[in-house]
Amino acid sequence: MTKRQRQKRKIIFTIVAFILLLVLLFVAFAASKLGKMDKISLKNVKVNEGLDTSSMKGYTTIALFGLDNRSNGDFQSGNSDSMIIASINNKTGEIKMCSIYRDTYLDISGADATETKFRKANAAYAAGGPEQAVNMMNKNLDLSITDYVSVDFNALVDVVDLLGGIELDEPLTDEEAMYMNGASGKEAYIDTIQAVTGKSSSYVSGGQTHLDGVQATAYARIRYTTGWDFKRTERQRIVISKMFDKAKTAGIGTLNSILDQALPEVSTSLSTAELTGLMLKAGKYHMGENTGFPFDNTTGSVGELGDLVRSEEHTSEL
């Protein structure tokens, strides 16, 4: 080996060692941040017998739950009024979201239950935490989800505020603003979220496009306008998409603040290694199309069952 070859080899070795050091530092940094999250292991998640999961190879599918709790940090219970299936194409980085309407009439019985128990879908989380909610999705929708992420009001408010708020493509309508501020006889969403989180905000007006954390969370909770819960789940996906877009252009300092402030307000079954792997690919992620389930649906009061969402195909069975 000539002197020139030895020098070249030494340079290559130095570069590789430097890259490895950077990777190790990133992993250590990620582990220190991600370790702050609440971890709940899903030990008894099942999929339907004979389910063909080959079509899901190359995808990471995670159940996202937004809890309507009036106390923060309780991730074992509460109605999951926001239920979203997030599917990540590992090759292209495209993320697709599908909401499950909270009033969808589904079997929410646990993985080992011998009898069916039909209730509104959002009751599964209240009955058995994230494990039962994930099983409800797998059982009724022929899915093979094994992981979840749950947040409550605090996490959403904090992240939106740290990002400097979000900007809506379509301004608030007068009706939306009325319900956010507190329509006659209805819950004042902004007041409730301020009371639960201790965050200060202000009332909104029709035509407004910029929303802070409290306002964005209130916007995502509106369910009395035209479209009812179908429109509400659309608002929830809009808020998530806007947060995602702002996070992709945020500076290192902002992202670090989000990790420090919001991660302790998040619960997940994903391991630190899995979360680190997702973070390493974050640069290529982009939002794709999103929708709600059931796709063909009807809604209305069904006697003692109350207001339900069900597939039009099975409406006569009720």
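These lines cover the structure that appears in this document, whether it is placed above or below. (Residues numbered from 1 in each chain as written. Predicted model: local features only at pLDDT ≥ 70, side-chain atom pairs only at ≥ 80, totals over all residues. Heavy atoms only, no water.)

Moving on, we get to the packing of aromatic side chains. Inspection of every chain in the model, using the stated rule, returns four aromatic pairs. Ring geometry for F65 and Y125: centres 5.2 Å apart, planes at 65°, overall edge-to-face. With F65 in strand β2 (residues 59-67) and Y125 in helix α2 (residues 123-141), the pair connects residues that are 60 residues apart, well separated along the chain. Residue Y125 is classed as buried on the basis of its relative accessible area of 0%. Geometrically, the ring pair formed by Y179 and Y224 is tilted, given 5.6 Å between the ring centres and 35° between the ring planes. Linking Y179 in helix α4 (residues 174-181) with Y224 in the loop between α6 (213-219) and α7 (228-248), this pair joins segments that are 45 residues apart in sequence. Classification of Y224 by relative accessible area gives partly exposed; the value is 24%. (Phe/Tyr/Trp six-rings, centres within 6.5 Å; stacked < 30°, edge-to-face > 60°. Helix = DSSP H or I, 4+ residues; strand = E, 2+ residues; numbered from the N terminus. Buried < 20%, exposed > 50% of the residue type's maximum accessible area, 1.4 Å probe, protein only.)

The next point concerns the pairing of strand β7 (residues 148-151). The pairing of β2 with β7 spans four bridges and is parallel. Bridging across to β7, G66 finds its partner in V151. (Pairing = 2+ DSSP bridges.)

This part is about the pattern of salt bridges. On inspection of all chains with the given rule, the structure shows 13 salt bridges. Salt-bridge contacts for R223 lead to D103; the nearest nitrogen and oxygen are separated by 3.5 Å. Pair noted here: R223 is in the loop between α6 and α7 and D103 is in the loop between β4 (94-100) and β5 (105-107), with a separation of 120 residues, a long-range link. On the basis of relative accessible area, R223 is assigned to the partly exposed category, the value being 23%. Classification of D103 by relative accessible area gives buried; the value is 6%. D107 is the partner of K139 in a salt bridge, and the nearest nitrogen-oxygen pair spans 3.6 Å. Within this pair, whereas K139 is found in helix α2, its partner D107 is found in strand β5, the two being separated by 32 residues in sequence. (Salt bridge = Lys/Arg side-chain N within 4 Å of Asp/Glu carboxyl O.)

The calculated volume of the second largest pocket comes to roughly 580 Å³. For the second largest pocket, the lining is made up of 24 residues, of which M56, I85, S87, C98 and L143 are closest to its centre. Within the residue set of the lining of the second largest pocket, elements represented by two or more residues are β2, β3 (80-89), β4 and β11 (286-293). (1 Å grid on protein atoms, 1.4 Å probe; cavity = no way out; pocket = protein on both sides within 12 Å on 5 of 7 lines; lining within 4 Å. Points joined across faces, edges and corners; volume = space filled by probe spheres on them.)

Further remarks concern unusual backbone geometry. Positive phi, normally seen in glycine, also occurs at D142, with a value near 55°. Within the secondary structure layout, D142 lies in the loop between α2 and β7. By relative accessible area, which is 45% here, D142 ends up partly exposed.

What follows concerns the side chain of S87. Residue placement: S87 occurs in strand β3. Judged by relative accessible area, which is 18%, S87 ranks as buried. With near-sequence residues (within four places) excluded, S87 lies in contact with M56, Y59, T60, T61, E94, I95 and K96. (Contact = heavy atoms within 4.5 Å.)

Together, I11, I15, F18, I19 and L21 make up an exposed nonpolar region whose accessible area comes to about 490 Å². Note that I19 resides in helix α1 (residues 3-34). (Patch = residues over 30% accessible without salt bridge, like charges linked within 9 Å, V, L, I, M, F, W, Y side chains within 5 Å. Areas by Shrake-Rupley, 256 points an atom, 1.4 Å probe, with all protein chains shown as cover.)

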